[in-house]
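Residues per chain are reported as follows:
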Amino acid sequence: MTEPSRTVEVERKYDVDLETPLPWWEAIPGVDAVSSGEVRTLDAQYFDTADGTLSRAGVALRRRTGGPDEGWHVKGPRQGDGRLELGWPLGDGDTLPSAVAATVSEWTTAPLTPLARIENDRTAYLLTGSDGVVAEFVDDRVRATDLRRNVRREWREWEMELGPAAPADDAGRAVFFDAVERAVVAAGGRESASGSKLARALGV
């Protein structure tokens, strides 16, 4: 079996209006510089069983093109403040690779069919400090289709995901995200009303 990439995501999401200006990050502890924005065009299709077994388990399975981590991804259930994401290359066509199917079999071996499509025009910014990337901030303009109900939704949101030079302890992370939230609120953003893009695409 192909060994997947493994990433533990620790992030916060925020809802914003279409014209909300970007936050100022000068007061974020440990951040010395912010990169210029990198534009990414992302297109993801999510899969689940007919009765939503993966969704009920807190698992997301997708095939995404675009961006530095394009490929197949399995996001596991949330554990504490993070969520383990496994990744594999795109492969040929949109057939589920055997390695991905083997991983998903922990939760289900039932047939998987398209659940939602999420297209995202993303601009990504790296927040760096003396030891490297503290976090990645992304400004997402999302177009989502609930494929089983044929319902389209559009929105804009921000995400802040910790990087390799982020605080490793809970107290340090709390201080960091508190400062991020203050900057987001000052710009006109607010805490996200939905736990994930997939949930929002499905109207959850």
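Before reading on, note that the structure itself is shown above.
Residues numbered from 1 in each chain as written. Predicted model: local features only at pLDDT ≥ 70, side-chain atom pairs only at ≥ 80, totals over all residues. Heavy atoms only, no water.

A.B. asks: Let's hear about the overall build of the protein chain: which residues, and what values?
C.D. replies: Assigned secondary structure in the protein chain consists of four helices and 11 strands. For a compact globule of 204 residues, the expected C-alpha radius of gyration is about 17 Å, and the protein chain comes in at 17 Å, within 12% of that figure. The proportion of buried residues among the 204 residues of the protein chain is 47%. Counted over contacts in the protein chain with a minimum sequence separation of 6, partners at least 24 positions apart contribute 66%. Carbon and sulfur atoms make up 50% of the accessible area of the protein chain, which amounts to about 10,600 Å² in all. Seen as two clouds, the 25 positive and the 35 negative side-chain charges of the protein chain have centres 5 Å apart. (Helix = DSSP H or I, 4+ residues; strand = E, 2+ residues; numbered from the N terminus. Rg over C-alpha atoms; globule rule 2.2 N^0.38 Å. Buried < 20%, exposed > 50% of the residue type's maximum accessible area, 1.4 Å probe, protein only. Contact = heavy atoms within 4.5 Å. Areas by Shrake-Rupley, 256 points an atom, 1.4 Å probe, with all protein chains shown as cover. Lys, Arg positive; Asp, Glu negative; His and termini not counted. Charge placed at Lys NZ, Arg CZ, Asp CG, Glu CD.)

A.B. asks: Provide a residue-level description of the packing of aromatic side chains, including the pertinent values.
C.D. replies: A complete count under the given rule lists five aromatic pairs for this structure. Note on Y125 and F137: the rings are 6.0 Å apart at their centroids and 35° apart in plane angle, and the pair reads as tilted. With Y125 in strand 8 (residues 113-129) and F137 in strand 9 (residues 132-146), this pair connects stretches of sequence that are 12 residues apart. For the pair Y125 and F137, a shared accessibility class is recorded, and that class is buried. Each ring, one from F137 and one from W158, has its centre 5.6 Å from the other, and the planes form 70°; the classification is edge-to-face. With F137 in strand 9 and W158 in strand 10 (residues 151-162), this residue pair connects regions lying 21 residues apart in the sequence. Per residue, the accessibility class of F137 equals that of W158, and both read buried. (Phe/Tyr/Trp six-rings, centres within 6.5 Å; stacked < 30°, edge-to-face > 60°.)

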